[in-house]
Amino acid sequence: MARVVVDVMLKPEILDPQGQAVQRALPRLGFEGISDVRQGKRFELEVDGPVDDAVLARIHELADTFLANTVIENFTVKVEEPAVGAEK
Amino acid sequence: MARVVVDVMLKPEILDPQGQAVQRALPRLGFEGISDVRQGKRFELEVDGPVDDAVLARIHELADTFLANTVIENFTVKVEEPAVGAEK
Amino acid sequence: MSLDTVENAAKTPDVELPWAELGLKKDEYERVVEILGRRPTGAELAMYSVMWSEHCSYKSSKIHLRQFGEKAPQSDALLVGIGENAGVVDVGQGYAVTFKVESHNHPSYVEPYQGAATGVGGIVRDIIAMGARPVAVVDPLRFGAADHPDTKRVLPGVVAGIGGYGNCLGLPNIGGEVVFDACYQGNPLVNAGAIGVMRHEDIHLAKASGPGNKVIMYGARTGGDGIGGASILASETFDDAKPSKRPAVQVGDPFQEKLLIECTLEAFAEKLVVGIQDLGAAGISCATSELASNGSGGMRVELDDVPLRDSTLSPEEILMSESQERMCAVVEPEKVARFLEICEKWDVIATVIGEVTDGDRLEIFWHGEKIVDVDPRTVAHEGPTYERPYARPAWQDALQADDANKLPRPSTSDELKQQVLALVSSPNQASKKWITSQYDHFVQGNTVLAQPEDSGMIRIDEESGLGVAIATDGNGRYAKLDPYHGAQLALAEAYRNVATTGAKPLAISDCLNFGSPEDPDVMWQFVEAIRGLADACQILGTPVTGGNVSLYNQTGEAAIHPTPVVAVLGVIDDVARRTPVAFSEEGQLLYLLGDTREEFGGSAWSQVVHDHLGGLPPQVDLERERLLADILISASRDGMVDAAHDLSDGGLIQAVVESAMLGDKGARLIVPDGLDAFTFLFSESAGRAVVAVPRSEELRFTDMCGARGLPATRIGVVDGDAVDVQGEFALSLEELREVHEATIPALLA
Amino acid sequence: MTARIGVVTFPGSLDDRDTQRAIRLAGAEPVALWHKDKDLKQVDAVVLPGGFSYGDYLRAGAISRFSPVMESVVDQAKAGLPVLGICNGFQVLTEAHLLPGAMLGNDHLHFICRDQKLRVENTDTAWTADYTAGQEIHIPLKNMDGRYVADEHTLDMLEAEGRVAFRYVGFNPNGSLRDIAGITNEAGNVVGLMPHPEHAVEPLVGSGRTDGLPFFTSILKKLVAAS
Ligand SMILES: Nc1ncnc2c1ncn2[C@@H]1O[C@H](COP(=O)(O)OP(=O)(O)O)[C@@H](O)[C@H]1O
Ligand SMILES: [Mg+2]
C-alpha cells in the first residue's frame, strides 16, 4: 500500500481570503517576516497495490476532473516520500 | 524569499467526513483501488529572508498554536523543495 | 492477555480493575460487584462507569429533579413527560411537538467549532428519536468578557459550528441568547435546543419489546471518539501498542445526520420501527441498556457486527465510543429487509447487531464469548444517587446587602442620555446580528418569526396556520443574587416572550448550568433553582417536559454564575395573528403594561454603568405574569396590538429602542406620573411589556386591561425618526442604530 | 394542462420541499426527482434546489455533479430543457460546466443569511420573463460558498452577451466578481443564482415578501404557451 498526495491550491490570481485571514492574524500573534499566506487542500490517497505510471495517470485524471476545479485551482500529484520536516 | 509549507491533517483516529465523502464518490467515478482518502489543509507561507532553524521553530510554534488545533489535528512543517511530481 | 469474559470474571475474583481511573468511587465499584455477584468484566465495568457518571446518571441532581414531576401542574397538553429522549406536547389538530435543550459546554471550550456543532447534532437526534421531524433549533450561549482575547477564539468558532451544523441539516435557527460575563471566561455555556413536529400516532419511545425483534444500528461507523476512560481499560487489559490518546472531542458530520433524519422519518412513515434510541453520551452502552431496560424483555448483542471505522478498537472501547451520527432501532424480523432497504436508499450503513430476548438480561458477545451479562436496569436506571450537602453561602447576605438601588444615578438629562447610549451599545444589549446572520432562518419555508423577535415562531400547518413558538431565557446575574427567584425569573421571561408574540405557553424544557455539586455553595444554588423553577411551573401551569443538567462548570475554585436556562414552548392557532416586535405605524399609541418599581439589582444598568452586581433581583409575581400573558394573547388574537415587546434586561428604554430600530419608526415617550425618568427607563421590574395600539383599538384595549386588573399606562406614541424622551433627550434612530450595531463586529470580526 | 416542473433531491438537498411549494403556489405541478435516477419523468423544466448536497464536502456541488440524474439534466439542458439552479443548484451547474465560472467561499469567511437586494438584468431567460428589466427585488440569500468567480475574459463575455442575469445592489454579500448574483447560459434556458426565490413567495413566512414568485410564474407561462 502506498500513499499518493494531491495538493490543490487556488490559482495565484484568485483571491484567497482564508490565507489572507491567517496572514492578517500573524502580527497579532507576534509573527513578522511572512509576506504571504495561501491556504489550500491536501488529499492523502491510500492506494492498494503498487503506484505505477498507469495508477499515477489515473490519479492525475481524478485530480483534474474531481479533486480540483481547474477553473480556479491548480494541483500537484506526488507519491509520498518519507517525511523530511518536523513532525508533531 | 523561501516557501515553508505547513500541512495540517485530522488525527488518524478522528472522523474525516470530507475525506470519506470523496472516497465514497470514487467508485461512481470509476475509480477502484483507493482504500482511504483523508482531506486536510495546506498552508504555503512565503518567508522574507532565509529560513534558518530559528524561523522554522517559530513557524512550528505558529502551527502548533494557531494553524492547527492539536486536540484533533496533526501537522508537519517543511521547507519547500522544487516540485518533483506532475504539475498542472 | 486474553479476552475478559463473564466466565473468566467469575473464575478470577481477585483481578484488580482500574475502576478509579474510570471515574468510579470505591463504594460504587463495590455496588457493581454486589449487583453482579462477582467482579465485573472489563466490558461491564466500561458500561457501568459511563452510565453511572454524573452526566448520564444524574447522581447529584436526581433527588432534586423529582420535584419537576411531583409538583407538575395538571396539563392536558403533556403527551410524554420527563424520562424519554424529549418530552412531547399536544398542540392541537392532531399535531404533537417535541422539544428539548441540552448543553455542550466543555467540548466547546476545547474545540469551539466541533464542540458546538456536535451539540446541535446530539439534540437533533433526540428529536428524531421521538418520531418527529426536526423543524427548528435555538442556541442559548454564554461567553466570557466580550473584550477578552479568548472570547475572540471561542465565540466565532462556536457560532460557526452551530451554524455549520444546523444550516447543513436544513434547520432554521429561530432564537437563542448571547450573554457575556467574565464568570464564563474559562467555561462558556453552549446550550442547544431543538423542536420537532409529528402527528400524535407517530410518537416513538426508546424501548425494546417483542422477543425476536432485531436491533439495528445505523448511521456512522464507530470510531475511537470520546473514550478516554475505555482506553485506560483497554490498555490495562491488552497492554499492547494502542493509539495512546483517544480524542475527547468529536468531529461532526452534519451531512450524515441529514441522511439519518430522512431515512429515519421514512422508516417511521412505513411503520417499521418498534422502538428507537439515539446514540449520544455513553454510545452503545447507553442505547442498549436503555432500550432493554425500558422494554419488556432482555437483549442479546453481537458486538462484532458493529461497523467500525478503526479495526483496532477493543470491545470496551466500542461500548463506550461516542462517535456521532448513530442511531439504534428495534424492528420486527419481517420488516428488517425493508428497513435496510431504506437505509441503503439514503446511503446509510445499517447492520443488525442483536435481538430482543425473552429473558431479562442484557448479554453482549465478542468473538463468540460472552463479555457482558447484566440486568440492564442496574446499568441504566439504578445508578448511585447522592444527597450532596448544601448550605446557603456565607457571602450571600453580603451580596444581597450591597444594594444596587443605592448606586449613583444620572443627575442631568445629558448624563441620562449618555447612559442610554452606553446601555444600548454594551455587548450584552447590542445587536447580535453579526452572529445570527450566520444562521439560516429561512430554510423549510415555515419561519414566521426569528431573531431578534421575542420568540421564534414556526408554522406547522399550511392550511390552518397552526404554529408553535419558543423562547429561551436565563439570567445568571439574577440567579447569583437569589437562585430561587432567579430561576423563576428565567421562566417568567421566556413565558412572557412567548406570550408577547401571541402564542399560549404550554410547557418548558430547561438546561441547568452550575458549578461543582461538591461545593455546598453551588449545590445550594442548584437546589434553590430547581425548587424555584418547580414552584413557578406549578403556578404558571407549564410542566417540565425534560431538560439537561450541566455541572462542574467552573475554572479552579471559581464557579460560573448559577445559570438555569429555560425554554418555553407555546402554540398559536393562526400564525397570521402573531405580534412582531417592530413598530409599524406612525401614530399608534404606546402602552406600558405592568408595574414599574425601583429595581436595579442585577440590572444591565448596574453592570454597564457601575460594573456592579449586588442587591436583590426584581420581584417575581407569577399571577401577574399569567395575567399579562393572557392579555397579550387576547390582544394578538383580536387584533388590538400591532407590535409588542417584553421588558427585561435594560428595561423599557432598551425595548423601545429595539422596536423603533426594527420598524424604522421613532417614538415619543412621556415619563408617566409617579415615576422619575431614570426609573422609567432603566428599571427591570418583571411582568411588563410595551405594546403599540392602533388608535381605533385604544378603548377596547384599555377596557380589557381595566376589566382584568392589569395596569396599562399610556407612555407615548410611535412617531418620527428618533427616540424622544420628552423633557429629557432625543436620540436619532440613525445614531442609535450605529452604536447598537457596531459593538459586536468591532469586538469579533 | 399545467406545466410539470421537476425538483431534484440530492442527498443533503434542503430546499427541495420549499421549491415544490413555490412551484405549487405559482400554479404548476411539482415533480420530485431523485439523484440516483436518470429518469426525468418527462418534466417540462427542472429546478436544482438549495442545500448542502453531500455536505458541500470537497467543493459545493462537486460530488452531486456526478450523480446519474445530472447526466440527463446536462444532456437535456443542452437540448433546451429549462433548468434553474438555486444556490447549491447554481454551484452544481457551474461544476457541471453548464454555466461558466466557479463558486468559492464567501470573502468574509462566514455563512451569511439576509434579505438581499438584487437587480434583474436580463428578462429574456426562461425564468425571468415576469420581471421588468432593471427591476430591483429583495430575495433571501443564505450561503457559505457564494462568491462567483471567473476569469476576466469570461466575465467580459458574460457582460457583453447580457448573460449576467442578476446583480447584487447596495451590498455585495460574498465578494462575487462584478457583483454577480446569477447568470444564464447563451440560450437563456439555464439560469443559476445564489439567492433563494422560493423563500420569497408567501407574505407571512420567509422574508415576508413575494418577490421570488415571478421566477415560477415566468416558467409556467412559457411552458403553457409552448404547449
Ligand atoms: N433539568 C432537567 N429537567 C427536567 N428533566 C431533565 C433535566 N435534566 C434531565 N432531564 C431528563 O432526564 C432524562 C435523561 O436525560 P439525558 O440523559 O440528558 O437524556 P438523553 O439521554 O436523551 O441525552 C431526559 O428525559 C431528560 O429530559
Ligand atoms: Mg437521548
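Note that this is a predicted model, so its numbers are computed, not measured.

1. Looking at the overall build of chain D
Across its full length, chain D holds 5 helices and 11 strands. On C-alpha atoms alone, chain D measures out to a radius of gyration of 16 Å, which is about the 17 Å that the 2.2 N^0.38 rule sets for 227 residues. In terms of overall dimensions, chain D has C-alpha extents of about 45 × 35 × 35 Å along its principal axes. Considering only contacts in chain D between residues 6 or more positions apart, those separated by 24 or more positions represent 73%. By element, 49% of the accessible surface of chain D is carried by carbon and sulfur atoms, the whole surface being about 7300 Å².

2. Some points on the UniProt feature "domain: PurM-like C-terminal" (unreviewed entry) in chain C
Those residues carrying the UniProt feature "domain: PurM-like C-terminal" (unreviewed entry) are residues 211–366 and 585–721 of chain C in this numbering. Structurally, residues 585–721 of chain C is divided into 39% helix and 18% strand, and its ends, taken at the C-alpha atoms, are 12 Å apart.

3. What about the pairing of strand β10 (residues 180–184) of chain D?
Residues and elements named next belong to chain D. Among the 5 residues of β10, 5 are classified as buried, and the element is accordingly described as predominantly covered. Across 3 bridges, the pairing between strand β9 (residues 164–168) and β10 is antiparallel. Looking at the pairing, arginine 167 lines up with isoleucine 180 of β10. As judged from the 3 bridges shared by β10 and strand β11 (residues 190–193), these two strands associate in the antiparallel manner.

4. Examining the sheet that holds β11(D)
Residues and elements named next belong to chain D. Strand order in the open sheet formed by 9 strands is β2-β1-β3-β4-β11-β10-β9-β6-β7, and the pairing between neighbours is mixed. Lying at the two open borders of the sheet, with one neighbouring strand each, are β2 (29–34) and β7 (136–143). Averaged over all pairs of adjacent strands, the angle between strand axes in this sheet comes to 25°, irrespective of strand direction. Inspection of the sheet shows strand β4 (residues 83–86) paired to β11 by 4 bridges, in the parallel sense.

5. Some details on a negative patch on the surface
On the surface, C:Glu585, C:Glu586, C:Asp721, C:Glu734, C:Glu735 and C:Glu738 cluster together into a patch of negative charge. Mapped onto the fold, C:Asp721 is located in the loop between β26 (712–718) and β27 (722–725).

6. Description of the relation of the copies chain B and chain A
Each copy of the sequence occupies a distinct position, and chain B is placed on chain A by a rotation of 180° and an axial shift of 0.1 Å, giving an RMSD of 0.2 Å. Those values place the two copies in the arrangement expected of a two-fold rotation axis. Looking at the rotation axis and the C-alpha trace of chain B, the residue lying nearest is B:Lys41, at 2.3 Å. Mapped onto chain A, 100% of the interface residues of chain B again fall at the interface, so both copies present the same surface.

7. Comments concerning the site of ligand 1
Residues and elements named next belong to chain C. Neighbouring ligand 1 are 17 residues, the closest being Tyr58, Glu84, Glu102, Asp510 and Gly547. Asparagine 548 places a main-chain nitrogen or oxygen 3.1 Å from a nitrogen atom of ligand 1. When isolated, ligand 1 has an accessible area of 540 Å², and the protein chains bury 85% of it. Elements that contribute at least two residues to the shell around ligand 1 include exactly α5 (62–70), β3 (95–103), β17 (504–513) and β18 (544–550).

8. Quick notes on the pattern of salt bridges
Per the stated rule, a full pass over the model turns up 74 salt bridges over all chains. Note that A:Asp7 is salt-bridged to B:Arg42, the shortest N-O span being 2.9 Å. Of the two residues, A:Asp7 sits in strand β1 (residues 2–10) while B:Arg42 sits in strand β2 (residues 34–47), which places them in two different chains. This pair shows no difference in class: A:Asp7 is buried, exactly as B:Arg42 is. The partner of C:Glu462 in a salt bridge is D:Arg21, and the shortest N-O contact between them spans 2.9 Å. Remark: D:Arg21 occurs in helix α1 (residues 16–26) and C:Glu462 occurs in the loop between β15 (456–459) and β16 (467–473); the pair is interchain, linking two chains. One salt-bridge network, in which partners are shared between bridges, spans D:Lys117, D:Arg119, D:Glu121, D:Glu136, D:Glu152, D:Asp156, D:Glu159, D:Arg167 and D:Arg178.

9. Examining the UniProt feature "active site" (unreviewed entry) in chain C
Residues and elements named next belong to chain C. The feature "active site" (unreviewed entry), as annotated in UniProt, sits at His55 and His104 in this numbering. Look at the named residues: they lie 50 residues apart in sequence, but the longest C-alpha span between them is just 11.2 Å, so in the fold they bunch up. Along the chain, histidine 55 turns up in helix α4 (residues 54–57). Relative to the elements of secondary structure, histidine 104 occurs in the loop between β3 and α6 (105–110). Assessed through its relative accessible area of 21%, histidine 104 is described here as partly exposed. In contact with histidine 104, not counting residues within four places along its chain, are Gly115, Thr118, Gly119 and Val190.

10. Focus: helix α2 (residues 53–67) of chain B
Taken together, the buried positions of α2(B) are occupied by B:Ile59, B:Leu62, B:Ala63 and B:Leu67. Projected down its long axis, α2(B) shows its buried positions confined to an angular sector of 100°, all on one face. In α2(B), the exposed positions that point more than 90 degrees away from the buried face belong to B:Asp53 and B:Thr65. Summarising the contacts, the buried residues of α2(B) are in contact with α1 (17–25) of chain A together with β1 (2–10), β2 and β3 (73–79) of chain B.

11. Examining the packing of α5(C) against helix α20 (residues 520–540) of chain C
All names here are of chain C. Where α5 contacts α20, the two axes come as close as 9 Å, and the packing angle between them is 10°. Classified by the interaxial angle, the pair formed by α5 and α20 is roughly parallel. Between α5 and α20, the contacting residues are His64, Leu65, Gln67 and Phe68 on the first element and Met523, Val527, Ile530, Arg531, Leu533 and Ala534 on the second.

12. Re the UniProt feature "active site" (unreviewed entry) in chain D
Residues and elements named next belong to chain D. In the numbering used here, UniProt assigns the feature "active site" (unreviewed entry) to Cys87, His196 and Glu198. Spatially, the listed residues are clustered: although they cover 112 residues, their C-alpha atoms lie within 11.0 Å of one another. By the element assignment, histidine 196 lies in the loop between β11 and α5 (213–226). Those residues in contact with histidine 196 that sit more than four places away from it in its chain are Asp15, Gly50, Ile86, Cys87, Ile139, Pro140 and Lys142. Checked against the element boundaries, glutamate 198 lands in the loop between β11 and α5. Apart from the residues lying within four places of it in its own chain, the contact partners of glutamate 198 are Asp15, Asp18, Thr19, Ala22, Ile86 and Phe216.

Here is what the cut-offs are and how they apply
Residues numbered from 1 in each chain as written. Chains lettered and ligands numbered in written order. Predicted model: local features only at pLDDT ≥ 70, side-chain atom pairs only at ≥ 80, totals over all residues. Heavy atoms only, no water. Helix = DSSP H or I, 4+ residues; strand = E, 2+ residues; numbered from the N terminus. Rg over C-alpha atoms; globule rule 2.2 N^0.38 Å. Contact = heavy atoms within 4.5 Å. Areas by Shrake-Rupley, 256 points an atom, 1.4 Å probe, with all protein chains shown as cover. UniProt positions renumbered as here; feature names shortened; annotations may be inferred. Buried < 20%, exposed > 50% of the residue type's maximum accessible area, 1.4 Å probe, protein only. Pairing = 2+ DSSP bridges. Axes fitted to C-alpha atoms, helices over the stretch in contact; angles between N-to-C directions. Patch = residues over 30% accessible without salt bridge, like charges linked within 9 Å, V, L, I, M, F, W, Y side chains within 5 Å. Salt bridge = Lys/Arg side-chain N within 4 Å of Asp/Glu carboxyl O. Lys, Arg positive; Asp, Glu negative; His and termini not counted. Charge placed at Lys NZ, Arg CZ, Asp CG, Glu CD. Least-squares fit on C-alpha atoms with pLDDT ≥ 70 in both. Near = heavy atom within 4 Å. Polar contact = N/O pair within 3.5 Å; in protein donor to acceptor, adjacent residues only side chain to side chain. Arc of directions from axis to C-beta. Parallel < 35°, antiparallel > 145°, perpendicular 65-115°, else oblique.

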